[in-house]
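In case you want the letters, here they are:
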Amino acid sequence: MPRFTRELERSAMKYTVSLEIALPRERVAQLLADPEHLPKWLRGMVLHEPLSGVHGQVGTKSRVVMQTGQQKFEATETITRREPADLHNIPKESVVLFEREIAGKGMWSVARELLTETGPETTLWVSENEYRFSGVMMRLVGLLMPGAFRKQSLQHMQDFKAFAEHGNDIRETNG
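All values derive from a computational prediction rather than experimental measurement. (Residues numbered from 1 in each chain as written. Predicted model: local features only at pLDDT ≥ 70, side-chain atom pairs only at ≥ 80, totals over all residues. Heavy atoms only, no water.)

A. Highlighting the packing of aromatic side chains. Under the definition given, this model contains seven aromatic pairs. Counting every residue linked through ring pairs, the aromatic cluster contains Tyr-15, Tyr-131, Phe-133 and Phe-149. (Phe/Tyr/Trp six-rings, centres within 6.5 Å; stacked < 30°, edge-to-face > 60°.)

B. Quick look at the nonpolar core. Among the nonpolar cores identified, the biggest contains 32 residues, and Leu-32, Phe-98, Leu-115, Trp-125 and Phe-160 are the most heavily contacted of them. Where this core is concerned, the elements lending two or more residues are strand E1 (12–21), helix H2 (25–33), helix H3 (38–41), strand E3 (61–68), strand E5 (96–104), strand E6 (107–119), strand E7 (122–133) and helix H5 (146–166). With residues up to four places along the chain from it excluded, the contact list for Leu-115 reads Arg-25, Val-28, Ala-29, Leu-32, Ser-94, Val-95, Val-96, Phe-98, Thr-123, Leu-124 and Trp-125. (Core = buried A, V, L, I, M, F, W, Y, C linked by side-chain atoms within 4.5 Å. Buried < 20%, exposed > 50% of the residue type's maximum accessible area, 1.4 Å probe, protein only. Helix = DSSP H or I, 4+ residues; strand = E, 2+ residues; numbered from the N terminus. Contact = heavy atoms within 4.5 Å.)

C. Region of the structure containing the pattern of salt bridges. If you walk through the whole model with that rule in mind, you get 12 salt bridges. One salt bridge connects Glu-130 with Arg-132, and the closest N-O pair in it is separated by 2.6 Å. Taken individually, Glu-130 and Arg-132 each receive the classification buried, so the pair is uniform in this respect. Beyond isolated ion pairs, a larger network of salt bridges with shared partners links Arg-25, Lys-92 and Glu-117. (Salt bridge = Lys/Arg side-chain N within 4 Å of Asp/Glu carboxyl O.)

Below you can see the structure in the form of structure tokens.
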């Protein structure tokens, strides 16, 4: 195994967060997949633009710029999986799955978003996340602040829930 790959494996961080949303699974999937809604719930998003492909479709590569305080982070997102491809008339027993990889300076991550129907009007959203770091600074961030990544993921999910259930727009509450 190449040295760089071994180093990335050693610097891996994995976690899972979940929450329930009081909407049908099909509606949740459609809202998550719609790029027009991203600014309403994805805190810190400055830019999300497709470089190739169609937003949300497998194989699409997008430039993503996020900002937290004075820190800006730019990365490339690649959609690696979306099941089912058509988010209308989803069979009751199906689990909706979105998967994406994000690569930026000193960091690579994969996120798997699973949406399961828990009732006629409720959806369980499970987000499985894995990060791998390279470079001294990013490794230190991953080592010293693993809880911050989990907390940020959960915040994004809670913001989406507030948007989906109540129409809350983070831009109106956070300036």
